[in-house]
Amino acid sequence: MKTIWMGNDETGYDVKKAAMVFLERKGFWVVNEGVDNRLPAGCRTAAKKVLGAIARENCLCGFWFGSNPPYPGCTPVSSPEDAAKARTRGTRLLWVPTRSPTPDARLFELVLAFCETAPDCPTSTPPRPKTPFATPSDAPLLLSEALRCAPPKTPVQVLLDTDMLTDCDDVAALALLLRLESIGLANILGITVSSGYPASAAVVDAIDTFYGRGDIPVGAPKDGSGFRRDDSCFLDKVAAEFPHAIAGNMEAQDAVSLLRQALAAARPQSVKLVTIGYLCNVAALLRSRPDRISPLSGMDLVREKVSELVCMTGNFPDDPAIDNVNFTRSPQTALFTIRNYPGRITFVGRDIGHNVFVGDRFHELPSPHPLRRAYELHRGRYGTDWDHHTADPSTILYAVCGLRPWFALQSGSMLLNDDCSFTWEPAVESNKSYLLQVADRHETARVIDALIRLGKDALPPRPEK
C-alpha cells in the first residue's frame, strides 16, 4: 500500500478532506498531519510535521494544501501535467494552492497524477517507528513524565467493550488496561465482548486470569447480535493453552445485564465506557428498559453514570466506509448508537493507531504468555516482525491517561450516512470530538510498548481501593 502524507493550513481544510477520501478510495494509505478546522492556528506545526515525516519515513510523497507554501521557495503546481513532471524530477512534497474551498475534478486529476507517476515509487505499509524502545523498567518513569501535566486524582473507572475476534491488537489493548490498573490508574468494572465467536469471552477471561484478575466480570451478547467470523487465527489456541473459568460466550454473563449492573452501582458521571469493537452491546444497552437491576432505562443510566464514550473507529476527518469495520460489520447498531447516544463521545480514529506500531519486542515476553502467543499466531504468519498497529491500545492510552502529551481534541459534528461513511464538520458543535496526534508517534509507541511489557517486579505496590 502506497503511503501519502497530507498537510494543510486553514484555507485548505475542505480540499484536503476531499483529496483524502479520493485517494483512500483509490487504495492509498493517507496520513493526515494537517489542520482539521478552518481556524488560522497550528499551520506552522502542521507544515513541520509533513516535512519531517517525508524526510524521515519511507513514504511515497506528500501534499500541502493551502494559500501559503509549506517552506520558502516551494513552487505551486496547478495542473496534472505539472504534477507529473514534478514527481519525475524527484519532488516529494507538492504544494497545491487552494484558491477555492470547493475541489473540482482537475484537483483529483492533479493529485492522482502526482501519486501514480515515477516508476521507483516505493510501496509500503504505514510507516513504522524503528527508534529504540524503552526497557520495561523505564515505563514508570515514562508514564510519570507523561502524566505530569494532568495526573489522575483517582483511578479511572472503565467498562471495556471489545470484539476480541480477528485482530491481536485487542489482546494488547486488554494487556495495557490491566497494566494501567495494576499501577493504580484504572479500575476495571467489567469487560464485554461484541463478537459472536464462542471463544471470545474465554480468551478475555484467560488474559484476565493470567494477569491475576480472573474476578473481572465478563459478558457476551445473548441475543445473536454479536458479529461472528470463523477465521480467527489465535482465539481457539489461546483459549486451549491458558487457564480460564469461563468456557465461552454461552457461559459468560449477558452483556447488557453486566453493563447495567456496573452502571447502576457506579457514582454519577464516574464511568468511561470504552468500545474497541462493534457497537452491538452499546446499542443494546441504550435500548434496554428498566428492570430489576435498575429502574432507569439504558439511555438514562448512560446519561447519569457515564462521563464519556470512547469509541475506536473510522478514518478522520472523513471516512468513505471502505475499511471502518467497527461500523460496517454491525452497521445498524453503529448508526443507532452514534445518532442517539445521549452524552459525550470521543472517537479514536484509525489515523491515530494505524501509524503507531508495537509488538516486535513482544518476542521478549516470557513463555507461556497469552499476549506473546496471540502475536506469534497472528503476526507470525507474516514472518518474525511482529510490529502491528495500535488502534485499540491507543484508545486505552487516551481513555485512562488522557490527552496530554499525546493527543488533542478536535470538536465539531459527524454527518453519518446510512452506509456508515461520514464527513466531519468542525464549525458545528455537538457532543462529539475526535483525537488529533500531537506527540511524536515514535514516543507514543515507546510508552505503549514499555507499559505493556512491564514486569511484576517493576510495578509499584498497587494502591488500596
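Refer to the structure presented above.
Remember, predicted model here, so these are calculated numbers, not experimental data.

1. Here we look at unusual backbone geometry
Between F316 and P317 the backbone carries a cis peptide bond, its omega angle lying at 15°. Along the chain, P317 turns up in the loop between β10 (306–312) and α12 (325–328). S367 connects to P368 through a cis peptide bond whose omega is 5°. Among the structural elements, P368 can be located in the loop between β12 (357–358) and α15 (370–378). Although it is not a glycine, M164 sits at a positive phi angle of roughly 40°. Overall, M164 belongs to the buried group, its relative accessible area being 0%. Unusually for a residue other than glycine, Q269 sits at a positive phi of about 55°. Tracing the backbone through its elements, the reader meets Q269 in the loop between α9 (255–265) and β9 (271–276).

2. Describing the pairing of β9
Judged by how many residues are buried, β9 sits mostly within the fold: six of six residues are covered. Here β9 shows a buried face lined by V271, L273 and T275 and a second buried face lined by K272, V274 and I276. Two elements, strand β5 (residues 156–162) and β9, share six bridges in a ladder whose sense is parallel. Within the sheet, the bridge partner assigned to D161 lies in β9 and is T275. Pairing of β9 with β10 involves five bridges; the strand directions are parallel. What sits directly across from K272, in β10, is E308.

3. Regarding helix α10 (residues 280–287)
Within α10, six of the eight residues are buried, which leaves it mostly tucked inside the rest of the structure. When we look at burial in α10, the residues that qualify are C280, N281, V282, A283, L285 and L286. If you follow the buried residues of α10, they end up packed against β5, β6 (186–193), α9, β9, α11 (298–305) and α13 (331–340).

4. Considering the side chain of H369
Residue placement: H369 occurs in the loop between β12 and α15. Engagement of the side chain of H369 in a polar contact is seen with the backbone nitrogen of L371, the distance being 3.1 Å. Setting aside its immediate chain neighbours within four residues, H369 contacts F210, Y211 and F242.

5. Re the nonpolar core
L160, M164, L180, F234, L371, I396 and V400 are the most contacted members of the largest nonpolar core, which has 73 residues in total. No other element matches helix α6 (residues 169–182), which puts nine residues into this core. Those residues in contact with M164 that sit more than four places away from it in its chain are D170, V171, L174, V193, S195, S200, V203, V204, I207, F234 and L235. Counting 33 residues, the second-largest nonpolar core is a separate cluster that includes L159, L309, F316 and Y341.

6. A closer look at the sheet that holds strand β14 (residues 407–416)
Spatially, β8-β7-β6-β5-β9-β10-β11-β16-β14-β15 is the arrangement adopted by the ten strands of the open sheet, whose pairing is mixed. Edge positions in the sheet fall to β8 (253–254) and β15 (422–425), since each has one partner strand and no second. Where α6 meets the sheet, it contacts β5, β6 and β9, and its direction lies at approximately 155° from that of β6. Of the strands in this sheet, β5, β6 and β7 (218–220) touch helix α7 (residues 200–210), which is tilted by about 160° from β6.

7. Some details on the packing of helix α16 (residues 391–401) against helix α17 (residues 441–452)
Between α16 and α17, whose axes approach to 11 Å, the crossing angle comes to 85°. The pairing of α16 with α17 is recorded here as roughly perpendicular in orientation. Side by side, α16 and α17 meet where P393, S394 and L397 of the first sit next to T444, V447 and I448 of the second. Residues belonging to the contact of α16 with α17 are distributed by class as follows: four nonpolar, two polar and no charged.

8. What to know about the pairing of β6
For a regular strand, side-chain orientation follows a simple rule: the groups alternate between the two sheet faces. Buried residues dominate β6, accounting for seven of its eight residues. Regarding the hand of the β-α-β motif, the stretch spanning β5, α6 and β6 is right-handed. When β6 meets β7, the two strands line up parallel, connected through two bridges. Residue pairing for β7: I191 is matched across the bridge by V218. Note on the crossover from β6 through α7 to β7: the handedness is right-handed.

What counts as what
- Residues numbered from 1 in each chain as written.
- Predicted model: local features only at pLDDT ≥ 70, side-chain atom pairs only at ≥ 80, totals over all residues.
- Heavy atoms only, no water.
- Helix = DSSP H or I, 4+ residues; strand = E, 2+ residues; numbered from the N terminus.
- Buried < 20%, exposed > 50% of the residue type's maximum accessible area, 1.4 Å probe, protein only.
- Pairing = 2+ DSSP bridges.
- Contact = heavy atoms within 4.5 Å.
- Polar contact = N/O pair within 3.5 Å; in protein donor to acceptor, adjacent residues only side chain to side chain.
- Core = buried A, V, L, I, M, F, W, Y, C linked by side-chain atoms within 4.5 Å.
- Axes fitted to C-alpha atoms, helices over the stretch in contact; angles between N-to-C directions.
- Parallel < 35°, antiparallel > 145°, perpendicular 65-115°, else oblique.
- Nonpolar A, V, L, I, M, F, W, Y, C, P; charged D, E, K, R; others polar.
- Right-handed = clockwise from strand over helix to strand, strands pointing away.

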